[in-house]
Every structure is written in C-alpha cells, then in structure tokens.
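# Descriptive structure summary
Below are the chains, spelled out letter by letter.
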Amino acid sequence: MTLAPGKPLRVAFGETVAELGKTDPRIVVLDGDLGSSTRADIFEDAHPDRFFQMGIAEQNLLGAAAGMATVGFIPFVSTFACFAVARALDSIRVLIAQPELNVKVVGGYSGLLAGMTGKTHLIFDDIAIMRAMPRMTVVVPADEVETRQAIRAITAHRGPVYLRLTRQASPLLFDDSYCFELGKAVVVRPGSDVTVFATGTQTVRAFEAAELLAAEGIDIHLVHVPTLKPLDADGIVQAAQATGFVITSEEGSIIGGLGGAVAEVLTDRFPVTVKRHGLADIFGESGPDEALLEKYGLSVTRTAEAIRAFVRARRA
Amino acid sequence: MKSGSKEAGPSVAELEDLARRGRAHIIRAIAHAKGGHIGGPLSAMDILVALYFRIMRIRPEEPNWPDRDRFVLSKGHSSIALYTVLAMRRYFPIEELRTFDAIDSRLQGHPDMKITPGVDMSSGSLGLGFSGGLGIALGGRAAGKDFTTYVMLGDGECNEGIVWEAAHVAERYALDNLVAIIDHNKLQQFGWRGTTASNRLPPYTGTQLVDRWSAFGWKVLEMDGHDMTEVLATIETARDHRGGPVALVAHTIKGKGVSFMEGNYEWHTRVPNAEELRIALAELGETETAATQGGAS
C-alpha cells in the first residue's frame with residue numbers, strides 16, 4: 001500500500017493559522033526573517049496587520065511573543081527549530097514557560113532534513129530540551145492532516161506549546177477520519193511481534209517499513225506518539241505490554257527524546273529492554289534528504305533494518 | 001488616590017518622603033531575609049515612586065485592569081524595590097515585605113508575574129524583561145490600547161545583546177507607547193577592573209549610553225534620577241512623545257541614601273550587619289523598631 005502524498009508540514013502550518021486567523025482575532029504570528037521558508041508568509045498574506053516581522057533576532061522574537069500574550073493575543077512564533085530552542089532557550093524558559101504564557105513556539109525545519117543547510121541549522125535534541133522544560137507541552141505531528149488538527153488543538157489549549165514541524169513533505173498517514181487528541185498516543189498499526197514507538201514524520205517511515213517487515217514475517221505494533229509532553233504513560237505501557245518487546249524510532253537524538261521518554265516510563269512501570277533508534281549523539285551535515293536519511297539510518301529501509309535486527313536479537 | 005493626572009497625586013515633597021521610607025523598607029527587608037540586592041534597588045527608588053504614585057495609570061485594587069499602564073523591572077534583581085513600591089501603593093500588605101526571598105513566598109528573588117500582584121512581566125535574566133516589555137507595547141498597539149509600557153533597565157544590563165535586538169525592533173515599529181528608563185548608576189556587579197581590585201569601572205562612561213540609544217533611533221532624554229521634580233517632568237515628556245520610543249538615561253548613584261553604600265560596588269548584594277543596619281536606617285530618618293512592628297507604610 002503506497003501512502004498518498006501530502007503537503008509539507010510547514011505549509012500546513014501556514015495555511016492552518018491563516019485559516020484560524022479568519023475567525024479568531026487573537027491569533028498573531030511573529031517571524032524572524034524566515035517566513036518564506038517556514039511558510040508563516042501565508043499568514044502574512046492573509047492577515048498582514050497581525051503578522052509581525054521581528055528581524056533576525058531570535059531571543060527577542062520569543063520574548064516579544066510572551067509580551068504580546070499578556071495583552072490577550074495567541075502568538076505563534078515561527079522560526080527554525082534550532083534557533084527557537086538553542087538560541088532563544090532562555091527567552092522560552094524565563095518569559096514563556098516560567099510565567100506559563102500562552103505562546104505557541106513553532107519550530108519549522110526540525111530534525112535531519114533542513115534543505116541541505118547542514119549541522120548549524122539542524123537540531124536533534126530539541127525534543128529532549130523541550131520535554132525537560134516544566135509547563136511546556138510538546139507536539140510532533142506526523143503529516144499534514146495531523147498538523148492541521150494539532151494546531152487547532154494547541155490553539156484551544158491554554159499554555160506554552162512547542163510544535164515541531166518539518167521542511168519536507170510527508171506522505172499522508174492519516175485521513176479525515178483521524179481525530180488528533182492532545183496527550184494521546186495512537187496505535188496506527190496493530191501487531192504482535194514488536195512494539196515500535198515513533199513520532200513525527202519518522203512514524204510515517206516506520207509505517208512504510210512495516211510493509212517490508214510484514215513480508216518477512218515480522219508483524220510490528222506501531223504506535224505514534226505525537227505528544228511528547230504530557231506523555232501518554234498509560235498508552236505507552238499498554239502498547240509495550242502488547243508484545244513485550246520495545247523499540248523507539250525518531251528523527252532526533254536517542255538521548256532524551258522519544259526513546260528517553262519511553263525508557264523513563266517503562267523503567268518505572270513495565271521494565272523491558274527499550275531499543276532506541278534515531279540519531280546517536282551526533283551532529284548532522286549537508287546533503288539531499290534521501291542521502292541523509294540513508295546515511296543516518298532513518299530511511300524506510302534503514303528503519304526496517306534496525307527493527308529487524310532488534311527482533312532477531314531478541315528472538316535469539 | 002488617582003495616578004497619571006497632573007492635578008491629583010502626592011506633592012514632590014510627599015514623593016520624596018515616600019522614596020525615603022521606601023529605601024528604609026528595602027534595607028530592612030534585605031537584613032531580614034539575610035540576603036539580596038541592595039545598591040540597585042536604592043538607586044531606582046525615586047523613579048519607581050514617581051511612576052507608581054504620580055505618573056502611571058494603575059488600579060492597585062485591580063492589578064489586571066486591561067487598560068493599565070505597565071511597568072517592567074527588567075533589572076529584575078532589584079525586585080525588592082519594586083515590591084516595596086507595590087506594597088506602599090497597597091497591592092499587598094507592607095508586612096509581606098518580610099517574606100521576601102522566604103520559602104513559599106509571593107515575593108520571589110526576581111519578579112514573578114504569575115504570583116505577585118502588580119508584576120506585569122517576569123524578569124531576572126537580564127535583557128529579557130525589556131524584550132517582554134517590547135512585546136507588551138507591540139501587543140498594546142495591535143489591540144488598539146493606549147496604555148504606556150515603562151521598562152527599567154540597568155546600565156550593566158545594556159551589555160546584553162537582546163537589549164539591542166529589542167531596541168531595533170521598537171524603533172522599527174515606532175513604538176511611542178514604550179519608554180525605557182536606564183538606571184545609570186555607573187556600576188555593575190563586578191565589572192571591569194580599574195586601577196586596583198576595589199576600583200571597579202562603570203559599564204559605560206561619558207555619553208556612551210546616550211549615544212548608543214540615539215544611534216538605534218530612540219529619542220534620548222537624560223535626567224538626574226534623584227531629583228524628583230526633574231524625574232516627574234522628564235518621564236512625562238517621554239510618555240507624551242509621539243513618533244517613536246524614548247530612552248531616559250537616569251543618572252543615579254548605586255546605594256543612594258546610605259553614605260557607606262553610595263558608589264560602592266560591594267553593596268550590589270550584601271547584608272548589612274546590625275550596626276550597618278542601625279546607621280543606614282538612622283541616615284534615612286528611620287529606626288529598626290519600625291520594622292519589627294511591620295514598618296510604617
């Protein structure tokens with residue numbers, strides 16, 4: 001089964017906030033000179049009086065969004081994930097998280113695929129950092145459909161949110177029958193041999209890997225975890241108990257990200273081996289998307305390879 | 001009592017007296033807490049009193065009044081000065097100053113907008129309060145409000161890059177509802193060394209601060225931060241300016257009001273011992289017994 005093509009998550013972001021902005025005057029968008037990349041420009045076209053260009057100054061970009069929230073706006077702050085989380089972390093911490101202000105931090109261009117810009121423009125530990133931030137909600141959608149729903153959900157949610165998006169298009173994992181629930185993990189493919197937890201667009205690649213594995217007699221129980229914080233601990237335990245074998249897969253660091261989160265929960269409530277598949281304590285580099293995914297082990301075939309190796313090792 | 005009106009409000013003499021009493025509250029609070037910043041709160045007191053007792057349109061009984069003027073203490077380590085003025089202005093009881101820095105207290109070491117009535121923006125990590133204040137002003141204008149946002153920064157704080165990120169954006173948006181007041185007390189915590197270890201250099205000298213804010217397109221005014229008449233007039237001029245943001249460089253003395261603290265970098269954070277406390281309060285025309293009784297507000 002081939003998945004239908006979807007729009008890039010960043011496009012879904014721009015279109016959805018522009019759509020929401022038509023009926024909700026509280027929504028404003030702040031941009032750090034990257035609107036044409038992050039697609040915040042779609043909102044600027046629709047609502048130029050509510051779009052605030054803040055220049056190439058990310059610490060102030062995040063801080064000013066906090067100030068706007070105190071006057072009753074719902075600011076969506078848009079920049080690359082690396083600049084929001086690494087460069088402007090103190091602003092997020094002191095001005096958004098600590099006072100618990102209603103700011104939505106949108107990291108477009110997350111993970112490994114940032115259009116060949118290389119390691120300076122990539123961030124792998126953003127999930128780990130934001131997960132450890134008190135009062136923060138962390139959402140990592142898989143495709144265009146989920147992104148649109150997630151944005152509506154985080155707009156309705158009162159409090160700081162980190163929304164991790166991607167530059168590239170993702171095949172559609174979900175259709176209009178999908179119902180995103182903030183804070184809930186989703187079984188996207190029931191199975192019996194191994195539980196695979198994934199997040200973001202990596203879930204889509206894991207889903208495609210499932211096809212390859214099924215042909216070899218490996219039936220994966222694939223669980224998508226779009227909300228990294230608050231974590232659906234019950235859902236994770238339940239899914240782990242379904243097979244007793246757990247591997248996580250993410251387009252992010254295996255230190256402290258989804259893998260870390262799952263390991264924390266299961267160590268506490270259902271101790272099993274948790275194999276973490278993702279980016280292993282490494283910076284990225286420049287390259288085309290497919291070459292990067294292949295080299296860094298996150299492509300469909302390399303993901304299948306990782307799951308296969310884990311299952312065989314466990315079976316041995 | 002109304003604020004923000006030229007007709008109503010305390011006289012200059014009354015404001016000066018409030019500042020004097022406020023300084024005593026600061027010293028008592030730091031002595032009681034056995035820790036905290038002193039020099040910076042003392043240099044800021046006259047300006048804070050002018051703002052909260054005459055200039056700002058505020059409602060202590062309604063701290064979240066949507067149309068209120070905002071104040072952000074971006075030099076957040078001087079929090080005890082803000083808390084003192086808020087208490088004197090009856091946002092919360094004066095006795096609560098004794099809980100400064102105590103566990104479970106509403107008066108945290110650096111301003112916390114979630115828990116302290118009257119605090120419009122959290123701050124502490126220098127420069128960030130100003131960034132938040134810029135956002136408040138930007139949001140206020142976008143919401144069609146006409147309140148003024150006042151942000152107080154330290155001169156050392158102007159070392160921080162985010163200050164200049166915000167300064168550029170404020171000027172770009174011609175935010176004339178934003179007033180930055182720089183408490184130019186000529187010292188930072190430790191600073192650059194002068195001729196000896198105890199001779200510490202000012203963060204900026206001469207006209208550097210005036211020049212830099214001007215270079216960023218701000219209208220810059222200067223004032224003697226301890227001359228109440230000048231403080232009132234200058235802030236009002238800043239508030240009424242149209243066309244862009246205004247920076248007030250306030251020439252102040254760190255530790256103002258206490259002879260052995262004035263201009264002394266060692267009093268950035270320091271707890272007065274019993275004798276120092278007695279002398280300091282006496283110089284301010286106050287006694288310690290007033291503290292144990294909850295302090296005269």
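Since this is a predicted model, take the numbers as computed values, not measurements.

Reading guide: rules and limits
Residues numbered from 1 in each chain as written. Chains lettered and ligands numbered in written order. Predicted model: local features only at pLDDT ≥ 70, side-chain atom pairs only at ≥ 80, totals over all residues. Heavy atoms only, no water. Contact = heavy atoms within 4.5 Å. Buried area = accessible area lost by both parts, 1.4 Å probe. Salt bridge = Lys/Arg side-chain N within 4 Å of Asp/Glu carboxyl O. Polar contact = N/O pair within 3.5 Å; in protein donor to acceptor, adjacent residues only side chain to side chain. Helix = DSSP H or I, 4+ residues; strand = E, 2+ residues; numbered from the N terminus. Pairing = 2+ DSSP bridges. Axes fitted to C-alpha atoms, helices over the stretch in contact; angles between N-to-C directions. Expected span 1.5 Å × (residues − 1). Buried < 20%, exposed > 50% of the residue type's maximum accessible area, 1.4 Å probe, protein only. Right-handed = clockwise from strand over helix to strand, strands pointing away. Core = buried A, V, L, I, M, F, W, Y, C linked by side-chain atoms within 4.5 Å.

Time to look at the interface of chain B and chain A. Taken together, the contact between chain B and chain A spans 24 residues of the former and 24 residues of the latter. A combined buried area of about 1900 Å² lies between chain B and chain A, and 68% of that area is made up of carbon and sulfur atoms. Interface area lost by chain B to chain A is led by Lys-114, Leu-128 and Glu-165 of chain B, which between them contribute 26%. For Glu-100 of chain A, the salt bridge goes to Lys-114 of chain B, with nearest N and O atoms at 2.7 Å. Taken together, the links from chain B to chain A amount to seven residue pairs in polar contact (both at pLDDT 80 or more). Sorting the residues of the side of chain B that touches chain A by element identifies α4 (128-142) and α5 (161-172) of chain B as the ones contributing at least two each. Per-element accounting of the side of chain B that touches chain A gives the leading share, 10 residues, to α4 of chain B.

Here we take up the environment of Phe-71 of chain B. Residue and element names in this part refer to chain B. Within the secondary structure, Phe-71 is located in strand β1 (residues 70-73). In sequence terms Phe-71 and Gln-188 are 117 residues apart; their C-alpha atoms lie 22 Å from each other. If near-sequence neighbours (up to four positions away) are discounted, Phe-71 is found in contact with Leu-48, Leu-51, Tyr-52, Met-56, Leu-82, Asp-120, Tyr-150 and Met-152.

The next subject is the sheet that holds strand β3 (residues 74-80) of chain A. Residues and elements named next belong to chain A. Ordered by their spatial adjacency, seven strands build an open sheet running β2-β1-β3-β4-β6-β5-β10, and the pairing between neighbours is mixed. At either margin of the open sheet sits one strand with a lone partner, and together these are β2 (51-53) and β10 (227-229). Each strand axis lies, on average, 20° off the axis of its neighbour in the sheet, ignoring direction. Of the strand pairs in this sheet, strand β5 (residues 137-139) and strand β6 (residues 161-164) are connected by three bridges, and their pairing is parallel. Counterpart to Val-138 in the pairing with β6 is Tyr-162.

Taking 1.5 Å of rise per residue, the 12 residues of α5 of chain B would be expected to cover 16 Å, and the 17 Å separating its terminal C-alpha atoms lies within 8% of that figure. Every buried residue belonging to α5 of chain B is among Ile-162, Val-163, Trp-164, Glu-165, Ala-166, Ala-167, Val-169 and Ala-170 of chain B, and all of these are buried. Buried-residue contacts for α5 of chain B involve α4 (58-69) and α6 (89-97) of chain A together with α4, β2 (149-154), β3 (178-184) and α6 (208-215) of chain B. Positive backbone phi, at 45°, marks Ala-174 of chain B, one or two positions downstream of α5 of chain B.

This next bit is on the pairing of strand β8 (residues 194-198) of chain A. Residue and element names in this part refer to chain A. Burial within β8 is extensive, with five of its five residues counted as buried. Judged by which residues are buried, β8 turns out to be covered on both faces: Val-194, Val-196 and Ala-198 on one side and Thr-195 and Phe-197 on the other are all buried. Examined bridge by bridge, β8 and strand β9 (residues 220-224) share five bridges and lie parallel to one another. Bridging across to β9, Val-196 finds its partner in Leu-222. Crossover β8 to β9 through helix α9 (residues 201-215) is right-handed. Note that β8 and strand β11 (residues 246-253) share four bridges and pair parallel.

Another point: the nonpolar core. Tyr-52, Phe-130 and Trp-213 of chain B are the most contacted members of the largest nonpolar core, which totals 158 residues. A total of 11 residues in this core trace back to one element, the largest contributor, which is helix α2 (residues 39-55) of chain B. Of all hydrophobic cores here, the second largest spans 49 residues; its members include Leu-20, Ala-150, Val-204 and Leu-222 of chain A.

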